[in-house]
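# Reading the structure
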Amino acid sequence: MSDHPENLGTRSVRPLPIASFPDVGKALAELPTAVRPASAVDVLFVNPPSPDGGIWIRSQHRVGRRSRENMIWPQVSLAQLAAMLSPDYTVDVIDAIPSRMSWQEFEALVAEKRPRYYVTQVTAPTLTNDMRGTFIARSLGAKTIAFGTHVTPMPEPTLKAFPTLDYVLRGEPELTLRELLDTLDGRQVGGERLQKLFREHDVDWTPGVKEDLGEIKGLAWRDGDCQIHINPDRPFIRNLNDLPLPMHHLLPWKKYRVAGMKGPYTFIVPSRGCPAGCRFCIKHVTYQYAVRVRSPENVLEELEMLWDLGLRNVHMYADLFTVNRDQVMGICEGMLSRGLKFRWMCNSRVDFVDAEMLQMMARAGCWLISWGLESADPEIRKRVRKGTTEAKIVQALNWSKAAGIMNWGYFIIGLPGETEETIRKTIDLAKKLPLDLALFHIAAPYPGTPFFFEVVEQGWFRPGTKWEEVDMDESTVLDYPGLPAERIEYWARRAFREWALRPKPMQTFLRSMNNWESAKSAINAGWQALGWMR
């Protein structure tokens, strides 16, 4: 008997019990909060917030970068994917970029949508940032899916580095996504149109419920034992006319703005692929050199849909809009005959145009063409397989100017073979050409491009390079013999400074402020440009 019976601490210690911890999982599943809200969707397509609250570009088959020109990139690829699933699945889109949505706002919106499947854009310069969204989605019970030019050539490293990512869609994502979701839901691809699309693009495809994810071409995935599988590549879609028209109404298109345009605009994709062999171009990672064009009638059908939606501005967003002359002329003739008075822009190469076609494009509403000019040095152009000459550059831009179309020139500083002398030549050419706008990007060896493999082979990557640093606007990851990264960055900024701070470019900048929205965009872009030039 203890001398202090009032003190319970004097009693003998009980034997150590067998551990038996409470499990509240079942109870939580029965709570009203576990029920998916009325606003929930089956599939949520997202263009997540940017790393810094700025305007960033993400695209199905192009580079990810900061939009130094303050051009908001319409997410037509998400609208296209949504159309592949509706109405069999409920779908929605969150494009966080136009409103500069914060991660806190984004997380609340994803929770409101409570998707079963979360499909995200992913780019190299925003990789870690983008994967934050997969963590949020997984915490809400969604399966997570990524696509884009970074994960297409790097599915296994990406899945290994980010365990909250479940699946990667390699190459063209539309059919792979549809087949993946149907397989996970235990259903077969339904509808004659969809089955025709699958049959005609892949002779090996058979209808019916897939029993094994390994049967889905174009898919990279992680099994229950965390083993990563890379399935065979999916063939390209042969006929783009067979795709359903994108669900543009799901996009925040009223917020899609670009300097120089009155009112909102959006993308329309008239073709996929480019036959040119530019070694630095990332679009060949997804589409390689397979060129497929939609019929003029199919493009005009989408243009009429956009017109009825209230849009009057369009960017013909193709790898090379003028890749097929007959298609371009057919689209232009159709726009004129149907009274579709869009104000539109496009991109092109100087060796894929002629004076007559440019005149027709101008009559149909084309007001600006973006030209990939890259370098003034013929040896650099030859080395990167650009395939153009200075004479063709001058001729095409003069034709465009004569037709009343503005010229936007894109140059790349730091391609293989670059020296300070060749950069000087490029600056001088840019100042001589009839350009209304110009941007000078920094050469970026994006994974999967021939340029990337050359950089690896030659040892030009700066030690300690991270994927977020492979950015054509912010900095370079290249150290050439005789031309280190610091000099490439210096010359890229100097090139833009020399070209832009002249009377004619300044006049173009001021003329672009033709309304309050354009003025705000132009001032913001100008402020960013001044900061970048310093």
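What you see is a predicted model; the values in this text were computed from it and never measured.

### Overview of the nonpolar core
Within the largest apolar cluster, 120 residues are counted, with the highest numbers of intra-cluster contacts made by Phe45, Leu303, Met316, Trp344 and Met361. Beyond its immediate stretch of four places on either side in the chain, Met316 contacts Ile268, Pro270, Leu303, Phe321, Ile331, Met335, Trp344, Met345, Cys346 and Asn347. Leu44, Val46, Ile94 and Val110 belong to the second-largest nonpolar core, a separate cluster that totals 13 residues.

### Details of the sheet that holds strand S13 (residues 313–316)
In space, the six strands of this open sheet follow the order S10-S13-S14-S15-S16-S17, with parallel pairing throughout. The open sheet is flanked by strand S10 (266–268) and strand S17 (437–442), the only strands paired with a single partner. Across the sheet, the mean angle from the axis of one strand to that of its neighbour is 20°, orientation sign disregarded. Sheet analysis places strand S16 (residues 406–413) next to S17, joined by six bridges and oriented parallel. From the neighbouring strand, Trp408 faces S17, where its bridge partner is Leu437. Taken strand by strand, helix H9 (residues 296–309) contacts S10 and S13, and its axis lies near 160° from that of S10.

### Structural notes on helix H10 (residues 325–337)
In a regular helix each residue adds 1.5 Å, so 13 residues correspond to 18 Å; H10 covers 18 Å between its end C-alpha atoms and thus fits that length. Every buried residue of H10 is accounted for by Gln327, Val328, Met329, Gly330, Ile331, Cys332, Gly334 and Met335. On the buried face of H10, the contacting elements are strand S12 (292–293), H9, S13, strand S14 (343–348) and helix H11 (355–363). Where H10 begins, the side chain of Asn324 points an oxygen toward the backbone nitrogen of Asp326, at a separation of 3.2 Å.

### Here we look at the side chain of His315
Within the secondary structure, His315 sits in strand S13. Residue His315 is classed as buried on the basis of its relative accessible area of 7%. Other than its neighbours up to four places away in sequence, His315 contacts Met71, Tyr265, Thr266, Phe267, Ile268, Met345, Cys346 and Asn347.

### A few points about the packing of aromatic side chains
For the coordinates displayed, the defined rule picks out 14 aromatic pairs. When the centroid spacing of 5.0 Å and the interplanar angle of 15° are considered together, the rings of Phe411 and Phe440 count as stacked. In this pair, Phe411 sits in strand S16 while Phe440 sits in strand S17, placing the two residues 29 residues apart along the sequence. Owing to a relative accessible area of 0%, Phe440 belongs among the buried residues under this scheme. Ring plane angle 80° and centroid distance 5.3 Å describe the contact between Phe452 and Phe453, whose orientation is recorded as edge-to-face. The exposed category is assigned to Phe453, whose relative accessible area is 52%. Through a chain of ring-to-ring contacts, the aromatic side chains of Trp73, Tyr265, Phe267 and Tyr317 assemble into a single cluster. For Arg187, the ring lying beneath its charged end belongs to Tyr89, and the centroid distance is 4.3 Å.

### Describing the environment of Asp52
In this structure, Asp52 sits in the loop between strand S1 (43–47) and strand S2 (56–57). According to the relative accessible area criterion, Asp52 is partly exposed, its value standing at 41%. At 2.9 Å, the side chain of Asp52 and the backbone nitrogen of Gly54 are in polar contact. Engagement of the side chain of Asp52 in a polar contact is seen with the side chain of Trp56, the distance being 3.0 Å.

### Focus on the pairing of strand S8 (residues 219–222)
Burial along S8 is two-sided: the residues Leu219 and Trp221 and Ala220 and Arg222 are all buried. Where strand S7 (residues 167–169) meets S8, three bridges bridge the pair, whose relative direction is antiparallel. Residue pairing across strands places Val168 opposite Ala220, the latter belonging to S8. Taken together, S8 and the strand that follows it, strand S9 (residues 228–230), pair antiparallel across an intervening segment of five residues, in which Cys226 is found at a positive phi of about 65°.

### Comments concerning the pattern of salt bridges
A full pass over the atoms with the stated rule returns 38 salt bridges. Here Arg58 ties to Asp130 by a salt bridge, and the two come within 2.8 Å at their closest N and O atoms. Pair noted here: Arg58 is in the loop between S2 and strand S3 (65–66) and Asp130 is in helix H4 (residues 127–139), with a separation of 72 residues, a long-range link. Note that Glu156 is salt-bridged to Lys160, the shortest N-O span being 3.4 Å. Residue Glu156 and its partner Lys160 are located together in helix H5 (residues 155–161), separated by four residues, close to a single helical turn. Classification of Glu156 by relative accessible area gives partly exposed; the value is 33%. Several salt bridges converge on common partners, so that one network encompasses Arg424, Asp428, Lys431, Arg494 and Glu498.

### Some remarks on the environment of Ile57
Structurally, the position occupied by Ile57 is in strand S2. Spatially, the C-alpha atom of Ile57 lies 28 Å from that of Leu358, the residues being 301 residues apart in sequence.

### A few points about helix H14 (residues 420–432)
Spanning 13 residues, H14 covers 19 Å between terminal C-alpha atoms, matching the ideal 18 Å at 1.5 Å per step. Taken together, the buried positions of H14 are occupied by Thr422, Ile423, Thr426, Ile427, Leu429 and Ala430. The arc that holds the buried residues of H14, viewed along the axis, is 165°, so those residues lie on one side. Across from the buried face of H14, at angles greater than 90 degrees, the exposed residues are Glu421 and Lys432. Packed against the buried residues of H14 are strand S15 (366–374), helix H12 (378–383), helix H13 (390–402), S16, S17 and helix H16 (485–500).

### What to know about the pairing of S1
For a regular strand, side-chain orientation follows a simple rule: the groups alternate between the two sheet faces. For S1, the buried fraction is high: five of the five residues fall into the buried class. Covered by surrounding structure in S1 are Val43, Phe45 and Asn47 together with Leu44 and Val46, the residues of both alternating faces. Judged from the four bridges that link them, S1 and strand S5 (residues 117–121) form a sheet pairing that is parallel. Considered in S5, the bridge of Val43 is made with Tyr117. Two elements, S1 and strand S4 (residues 91–95), share five bridges in a ladder whose sense is parallel. Looking at the pairing, Val46 lines up with Ile94 of S4.

Cut-off values and rules
- Residues numbered from 1 in each chain as written.
- Predicted model: local features only at pLDDT ≥ 70, side-chain atom pairs only at ≥ 80, totals over all residues.
- Heavy atoms only, no water.
- Core = buried A, V, L, I, M, F, W, Y, C linked by side-chain atoms within 4.5 Å.
- Buried < 20%, exposed > 50% of the residue type's maximum accessible area, 1.4 Å probe, protein only.
- Contact = heavy atoms within 4.5 Å.
- Pairing = 2+ DSSP bridges.
- Helix = DSSP H or I, 4+ residues; strand = E, 2+ residues; numbered from the N terminus.
- Axes fitted to C-alpha atoms, helices over the stretch in contact; angles between N-to-C directions.
- Expected span 1.5 Å × (residues − 1).
- Polar contact = N/O pair within 3.5 Å; in protein donor to acceptor, adjacent residues only side chain to side chain.
- Phe/Tyr/Trp six-rings, centres within 6.5 Å; stacked < 30°, edge-to-face > 60°.
- Lys NZ or Arg CZ within 6 Å of the ring centre and 35° of its normal.
- Salt bridge = Lys/Arg side-chain N within 4 Å of Asp/Glu carboxyl O.
- Arc of directions from axis to C-beta.

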